[in-house]
Amino acid sequence: MTGTHTLRVPDGILHYEVHGEGPFLILTGAPMGADLFTPLAEALSGTHTVVTHDPRGIGRSVLDDPAQDSTPEARADDLVAILNDLGATEADILGSSGGAVTTLALAERHADRARTIVAHEPPLLGLLPEAEEQFAVTEEIIATYRRDGAGAAWRRFMINAGFPVPEEGTEGFGPGAAEEEDGADDGENDRRFYVHELRGTVRHRVDPARITAGSARVVPALGTASGGLITDRTTRALAELLDTVPVVFPGGHGGFMEDPDAFAGVLREVLAPVTESGRRPAP
């Protein structure tokens, strides 16, 4: 089971990787691919069967129609397809950034396939008071990509997200860029992210009634160093919507890359086995 796998789905091919042994745990991002989760997967592989993957249209997960949009719902369906391919009935899932939005779509569509879902800093701009203004900024970012290229669009994206201003001429979309050894075309990844993924991800509307009615336990999570980021605000808004409090992980928006061992320690605590009462510990 461990190793690299490819899976044919109706509209393309998914690339996924399996590490370790134990209960199934999926690590998912959007646009972040499998390689950026490898250090965290290795840190967790002693206690879990960890699944990482390239999301649809990114890196080694190739779509038949390159112009097809990547929606949170389609990405959630992909996670279920991977579980089916592994013969797994359910898994715990950590989604980060756009991947966290994927996991929330899964909680609405396939709650019976997840035990605990950890939604780490989902960029749900629709939960903010200035949602329409933020949607307009997203359109500006996409237009900047079309007009001036990935570097200029990434700079505009980072400024709006609250990160330190990247240098002029910065290329690619940062954390979503594929590792060079993948053989992936970073320019194609950029196009996928800005033209076919960003809009649908940040505009996703969560349905709290469906999430809370489902069997999956949903845990909003944010980084201890993420204060000032727009995803800190959206995560807190999600937690309020679900009538819970967010779990705090070490690091910032990319905490799973900054200190994977410390991040893995907190994640293990969140995914702790059920208590004697038969209920999972509260976040």
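An account of the accompanying structure is given in this report. Please read these numbers as outputs of a predicted model, since none were measured by experiment. (Residues numbered from 1 in each chain as written. Predicted model: local features only at pLDDT ≥ 70, side-chain atom pairs only at ≥ 80, totals over all residues. Heavy atoms only, no water.)

Glancing now at the pairing of strand β1 (residues 3-9). Sheet analysis places β1 next to strand β2 (residues 12-19), joined by seven bridges and oriented antiparallel. Bridge pairing links T4 to E17 in β2. Taken together, β1 and the strand that follows it, β2, pair antiparallel across an intervening segment of two residues. (Pairing = 2+ DSSP bridges. Helix = DSSP H or I, 4+ residues; strand = E, 2+ residues; numbered from the N terminus.)

Turning our eyes to something else, we now look at the pattern of salt bridges. As enumerated under the stated definition, the model contains 15 salt bridges in all. R60 serves as the salt-bridge partner of E17, at 3.6 Å between the closest nitrogen and oxygen. Of this pair, E17 sits in strand β2 while R60 sits in the loop between β4 (49-54) and β5 (62-63); the two residues are 43 residues apart in sequence, bridging distant segments of the chain. The class for R60 is partly exposed, based on a relative accessible area of 24%. Residues joined by salt bridges that share partners form a network here, namely E17, D35, D54 and R60. (Salt bridge = Lys/Arg side-chain N within 4 Å of Asp/Glu carboxyl O. Buried < 20%, exposed > 50% of the residue type's maximum accessible area, 1.4 Å probe, protein only.)

Cis geometry is found at the peptide bond from A30 to P31, where omega equals 15°. With respect to the helices and strands, the residue P31 is situated in the loop between β3 (24-30) and α1 (34-44). Even without glycine at this site, E121 takes up a positive phi of about 55°. Within the element layout of this structure, E121 appears in the loop between β7 (114-120) and α4 (131-148). Classification of E121 as buried rests on a relative accessible area of 0%. Unusually for a residue other than glycine, D243 sits at a positive phi of about 55°. Among the structural elements, D243 can be located in the loop between α8 (230-241) and β9 (247-249).

By themselves, these observations are geometric and do not establish any function.
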